[in-house]
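So the chains spell out like this:
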Amino acid sequence: MNASTASHPPRIAVVGLGNVLLGDDGFGPLAVEMFRRLYECDSNVEILDLGTPGLDLAPYLYDTDLVVIADAIYPPEDEKPGTLCVYCENDLAFSEAGSSHAQPRLTSHDPGVQESLAQLRLAGHAPSEVIVVGVVPESCGLGKGISLSVLNTCLVAVDTIARLLVARSIDCRKRHDPVPRTLWWQSGSA
Amino acid sequence: MARISIDPVTRIEGHLRIDVEVDGGKVQKAWASCTMWRGLETILRGRDAREGWVFAQRFCGVCTTVHAIASVRAVEDALQLEIPANAQYIRNLILIAHALHDHIVHFYHLSVLDWVDITTIPKADPTRAASIAEGFSNWPGNSRRELEAVQNKVKGLIGSGQLGIFSHGYWGHPAMRLSPELNLILFAHYLQALEFQRKSCQIVGVLGGKTPHIQNLAVGGVMNAINLNSLATFNMDRLGMLQSLLQELIPFVQQAYFVDACLLSASYPEWFRYGRGVANYLAVPDLPTDAKATQFDLPGGLIMKGDLASVRPIQNWRDQAFRSAVAEDVTHAWYKGEGAQTPWKGETDPDYTDFQADKKYTWVKAPRYNGQPIQVGPLANVLVGYASGHALTRKWTDTAFKTVSSVRASGATSFNLTPEDLQSTMGRYLARAIRSAMLSDLALQHWQLLADNILKGDDTTFNPPQFPAHECEGVGMHEAPRGALSHWVIIDKGSFTNYQAVVPTTWNASPRDEKGVAGPYETSLIANPVVDPAKPLEVLRTVHSFDPCMACACHTLDISGREIARVKVL
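Calculation criteria
- Residue numbers run consecutively from 1 along every chain, following the written order of its sequence.
- Chain letters and ligand numbers both follow the written order, the letters beginning at A and the numbers at 1.
- A pLDDT threshold of at least 70 governs which residues receive local features in this predicted model, and a stricter bar of 80 or more applies before side-chain atom pairs are shown or counted, although totals over entire chains, interfaces and linings include all residues.
- pLDDT is defined as a per-residue confidence score from the predictor, taking values between 0 and 100.
- Contact between residues is assigned whenever the C-beta positions, reconstructed from backbone atoms, fall within 7 Å.
- Put simply, DSSP marks the helices as runs of H or I at least four residues long and the strands as runs of E at least two long, and each gets a number from the N terminus on.
- In this scheme the burial state of a residue depends on its C-beta neighbours within 10 Å: 20 or more other such atoms mean buried, 12 or fewer mean exposed, and anything in between means partly exposed; the C-beta positions come from the backbone.
- In this analysis, strands are considered paired if DSSP registers two or more bridges between them.
- To define axes, lines are fitted to C-alpha atoms, for helices over the stretch in contact only, and angles between the resulting N-to-C directions are given on a 0 to 180 degree scale.
- Buried Ala, Val, Leu, Ile, Met, Phe, Trp, Tyr and Cys residues form a nonpolar core when they are connected through C-beta atoms within 7 Å.
- Here a helix's expected span is defined as the number of its residues, less one, multiplied by 1.5 Å.
- What is called the bend at a residue is the angle between a pair of axes, fitted to the seven residues leading up to and ending at it and to the seven starting from it.
- By definition in this entry, angles of less than 35 degrees are roughly parallel, angles greater than 145 are roughly antiparallel, angles of 65 to 115 are roughly perpendicular, and the rest are oblique.
- The handedness criterion is simple: a crossing whose near helix is rotated anticlockwise from the far helix by less than a right angle is left-handed, and one whose near helix is rotated clockwise is right-handed.
- Charged residues are taken to be Asp, Glu, Lys and Arg, nonpolar residues to be Ala, Val, Leu, Ile, Met, Phe, Trp, Tyr, Cys and Pro, and polar residues to be all remaining types, Gly included.

Q: Help me understand the confidence of the model for chain B in this model?
A: Parts of the model with low pLDDT should not have their predicted coordinates read in detail. Mean pLDDT for chain B: 92, with 95% of residues reaching 70 or above. pLDDT under 50 marks residues 553–565 of chain B. Its contacts with residues more than four places away, or in other chains, come to 44 contacts.

Here it is as structure tokens:
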């Protein structure tokens with residue numbers, strides 16, 4: 001099902017992948033929480049921090065029209081920590097033996113992303129479009145919090161997500177009064 | 001003699017390395033090594049005990065819910081805090097939905113391709129496949145039309161020459177023996193399972209407020225507001241929605257998954273002879289039916305040396321024998337310290353040495369129960385239930401045995417399974433399906449308990465916790481999808497001073513202990529057949545039968561990148 005044939009509004013998912021307890025690996029959850037805080041969307045846009053679901057990612061992508069994945073990413077070329085990289089699904093295509101095409105790697109979750117997408121494609125329930133908004137991490141150590149370079153990129157990433165949605169005629173408005181932050185993992189002792 | 005190293009084992013959650021020595025086509029020795037460091041618990045020290053569950057459910061991205069539940073139960077145990085009956089039922093329904101999700105994913109997406117050769121599907125006769133499937137089940141997804149559509153998809157995939165995620169299977173391996181028709185049936189359900197994964201997530205979402213990472217828990221109960229007269233709260237609409245989702249999910253579990261596990265069992269009977277391993281089993285009681293948690297719908301207990309008559313019940317979560325029996329040994333794990341420690345005193349001080357088969361070789365500690373290695377998981381759950389005379393366990397186990405016999409009778413020689421046969425590689429698959437069928441019945445029962453209690457006028461969901469000025473200790477138990485989970489906490493003035501999680505995969509992936517006694521994975525691989533050391537499919541079958549989830553057995557992810565499993569024959 002896709003936006004052009006379905007009678008209902010398109011189903012959009014903005015999802016963050018990563019472990020919030022592992023430094024910059026928590027970029028995805030941070031980015032979607034910031035997006036929720038700064039932007040307002042209609043109810044057909046689901047904004048979800050999915051953590052590190054592995055193959056359990058599939059149910060959240062099932063029958064969606066557009067999925068925007070925020071995740072820490074290792075690009076094929078050496079890039080500085082904090083660099084923002086945006087990819088479409090073809091850039092992430094699972095490498096066949098003999099393929100010379102260099103592909104970016106998401107942090108530890110990419111087997112889950114690739115497999116979930118492939119399963120959904122075969123079952124006929126894959127998203128029509130997948131976009132990855134990635135950032136190059138500085139450090140993914142236990143309990144270290146987000147590094148300054150990734151934090152600085154986060155706001156750019158959030159605006160990028162909004163622009164991607166608007167460019168596809170999806171209603172997404174900047175809030176006049178940002179909602180309170182819910183970054184519980186960034187506070188307290190550790 | 002060939003030495004095979006599989007690193008990492010794929011189609012599991014997390015990183016696991018398995019080393020085996022093979023001689024005469026059989027495994028002689030085995031080592032299980034987790035290649036990630038453990039230590040997420042250190043993050044909990046010093047935290048407010050009321051919010052520990054929020055962090056604990058980030059231990060692992062797959063088993064989020066189970067750590068949240070074990071964490072609140074541990075704190076409630078330390079405070080001896082009773083929770084309202086509604087809170088028990090709401091938690092139970094979340095746990096059941098999560099477990100069904102987990103078991104479906106394990107069977108279809110993480111392990112069925114060890115037994116199903118998708119490359120033979122183009123040769124299947126869809127009419128014949130439909131008549132086979134319809135002979136054993138009323139599942140509507142078994143129609144000829146449905147199966148033919150799946151066959152065409154697979155033909156397209158194979159014709160494209162781009163097998164993608166399926167390109168790493170051991171296709172054409174001599175140990176793959178299903179007919180093209182059975183391969184088609186099971187793979188059709190593999191694809192259909194995606195829809196039911198989604199339904200089980202929706203159930204968790206309706207109750208937990210969000211999935212993954214539920215938001216509705218609290219030390220003392222749940223935060224679901226119940227008011228039958230308010231649209232904004234948990235009301236009859238929500239109860240009705242929950243019931244319909246369960247009624248959509250359950251037929252897939254009982255008519256597709258359960259029957260498929262029986263078909264697989266009947267087709268690979270020799271796999272009831274391999275993979276027994278450690279025959280000491282532990283299951284903890286779960287699904288309490290009253291506020292005080294005195295009665296449980298899943299019985300707990302201990303079975304030693306495979307003797308079902310020896311079952312010792314664990315009546316409730318305050319069981320003193322359990323508390324004094326559990327200890328973790330680090331002799332062969334990359335931690336400092338010697339001998340075994342109760343988890344309350346456990347430390348996670350790393351001491352990495354490289355893989356040394358005779359010394360230290362893994363990040364997993366060796367948990368022991370009165371000094372003995374223990375196997376946990378759906379098999380332990382089913383054996384303990386069966387041995388204790390638990391009616392629902394007996395009903396579904398006997399149904400499974402009858403179904404396997406009837407499949408077999410339509411084929412070759414007769415085949416009658418006993419509970420003894422379940423102590424094997426295939427037994428673990430069948431036990432997981434038996435447990436799923438049971439949990440489906442229990443989901444409806446606990447839905448009814450919740451509805452009746454609310455209609456009776458009880459809308460309480462939370463008892464506020466009071467923290468004493470003195471230090472207190474607690475254990476939170478949960479019979480999780482992969483087996484007995486326990487969180488061990490020490491709390492002082494409302495904050496954790498120690499926190500240790502003894503997770504199911506730690507019991508099963510345990511290394512040798514100070515006496516040199518091996519753990520369940522390692523022992524189960526002894527005498528496992530290996531036809532071709534370069535393609536150790538049979539080793540994967542036994543390892544996958546445990547449903548390894550290394551992410552919480554051992555913490556911190558290796559971010560070095562995507563790895564396709566390496567199989568090294570040394």
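Q: Just checking my understanding: could you explain the environment of Ala469 of chain B for this structure?
A: Residues and elements named next belong to chain B. Along the chain, the position of Ala469 falls in the loop between helix H11 (425–455) and strand E14 (472–480). The exposure class assigned to Ala469 is exposed, which follows from the 7 C-beta atoms found within 10 Å. A C-alpha to C-alpha distance of 68 Å links Ala469 and Ser160, two positions 309 residues apart in sequence.

Q: Quick question: what am I supposed to make of the sheet that holds strand E9 (residues 300–303) of chain B here?
A: Strand-to-strand pairing in sheets goes through backbone hydrogen bonds, with the strands running parallel or antiparallel. All names here are of chain B. Spatially, 3 strands are ordered E6-E9-E10 in an open sheet, and the strand pairing comes out antiparallel. Each edge of the sheet is formed by a strand with only one pairing partner; in this case those strands are strand E6 (281–283) and strand E10 (312–314). Adjacent strand axes in the sheet meet at a mean angle of 20 degrees, parallel and antiparallel pairs treated alike. Here E9 runs beside E10; their pairing, made up of 3 bridges, is antiparallel. Its bridge partner lying in E10, Gly301 is registered against Pro313. Helix H9 (residues 378–387) rests against E6 and E9 of the sheet, and its axis sits at about 85 degrees to E6.

Q: Is there a simple way to explain the pairing of strand E15 (residues 483–492) of chain B in this structure?
A: Two faces make up the sheet, and in a regular strand the side chains alternate between them. Residues and elements named next belong to chain B. Along E15, 9 of the 10 residues are buried, which leaves the element largely enclosed by surrounding structure. Of the strand pairs in this sheet, E14 and E15 are connected by 9 bridges, and their pairing is antiparallel. Paired with Met477 across the bridge in E15 is Ser486. Connecting the antiparallel pair E14 and E15 is a turn made up of 2 residues. Taken together, the 7 bridges between E15 and strand E16 (residues 495–502) define a ladder with antiparallel strand orientation. By the bridge assignment, Ile491 is partnered in E16 with Phe496.

Q: What am I meant to see in the nonpolar core here?
A: The nonpolar side chains of a soluble globular protein tend to be buried, and buried together. With 239 residues, the main nonpolar core has Ala31 of chain A together with Leu93, Phe187, Leu383 and Ala433 of chain B as its most contacted residues. With 16 residues, the single largest contributor to this core is helix H3 (residues 85–111) of chain B. When residues no more than four places from it in sequence are discounted, the contact partners of Phe187 of chain B are Val116, Ile118, Ile121, Val150 and Val154 of chain B.

Q: When you look at the sheet that holds E14 of chain B in this model, what are you seeing that I'm missing?
A: Residues and elements named next belong to chain B. Spatially, 3 strands are ordered E14-E15-E16 in an open sheet, and the strand pairing comes out antiparallel. Among the strands making up the open sheet, the edge pair consists of E14 and E16. Averaged over all pairs of adjacent strands, the angle between strand axes in this sheet comes to 15 degrees, irrespective of strand direction. Sheet strands touched by helix H2 (residues 64–79): E14, E15 and E16. Its angle to E14, the strand with the most contacts, is close to 145 degrees.

Q: Please explain helix H6 (residues 180–208) of chain B as it appears in this structure.
A: For an α-helix, 3.6 residues make a turn, and residues three or four places apart therefore share a direction. Residues and elements named next belong to chain B. Across its 29 residues, H6 extends 42 Å between first and last C-alpha, which sits within 8% of the 42 Å expected from 1.5 Å per residue. In H6, a bend of some 30 degrees at Gln192 exceeds every other bend along the element. Taking burial as the measure, the 29 residues of H6 include 24 buried ones, the bulk of the element.

Q: What's the story with the packing of helix H7 (residues 236–267) of chain B against H11 of chain B in this structure? I'm lost.
A: Packed helices, taken two at a time, are described by the angle between their axes plus the distance between the axes. Residues and elements named next belong to chain B. The contact between H7 and H11 brings their axes to 9 Å, and the two run at 160 degrees. Regarding the angle of H7 to H11, the classification is roughly antiparallel. Relative to H11, H7 is oriented so that their crossing is left-handed. Of the residues in H11, those in contact with Leu239, Leu242, Gln243, Leu246, Ile250, Val253, Gln254, Tyr257, Phe258, Ala261, Leu264 and Ser265 of H7 are Met426, Tyr429, Leu430, Ala433, Ser436, Ala437, Ser440, Ala443, Leu444, Trp447 and Ala451. Residue classes in the contact of H7 with H11 are distributed as 18 nonpolar, 5 polar and no charged.

Q: How should I be thinking about unusual backbone geometry in this particular structure?
A: Where the residue is not glycine, phi is negative for most of them; where a peptide bond is considered, it is trans in most cases. Residues and elements named next belong to chain B. Of the consecutive residues Thr211 and Pro212, the connecting peptide bond is found in the cis state with omega at -10 degrees. One non-glycine residue with positive phi stands out, namely Asp354, at about 85 degrees. The residue Asp354 is located in the loop between strand E12 (340–341) and strand E13 (366–369) in this model. Judged by local crowding, Asp354 falls into the exposed class, with 8 C-beta atoms found within 10 Å. With phi around 50 degrees, Lys493 is a residue other than glycine that occupies positive phi space. Following the sequence through the fold, Lys493 ends up in the loop between E15 and E16. What makes Lys493 exposed here is the crowd of 11 C-beta atoms within 10 Å.

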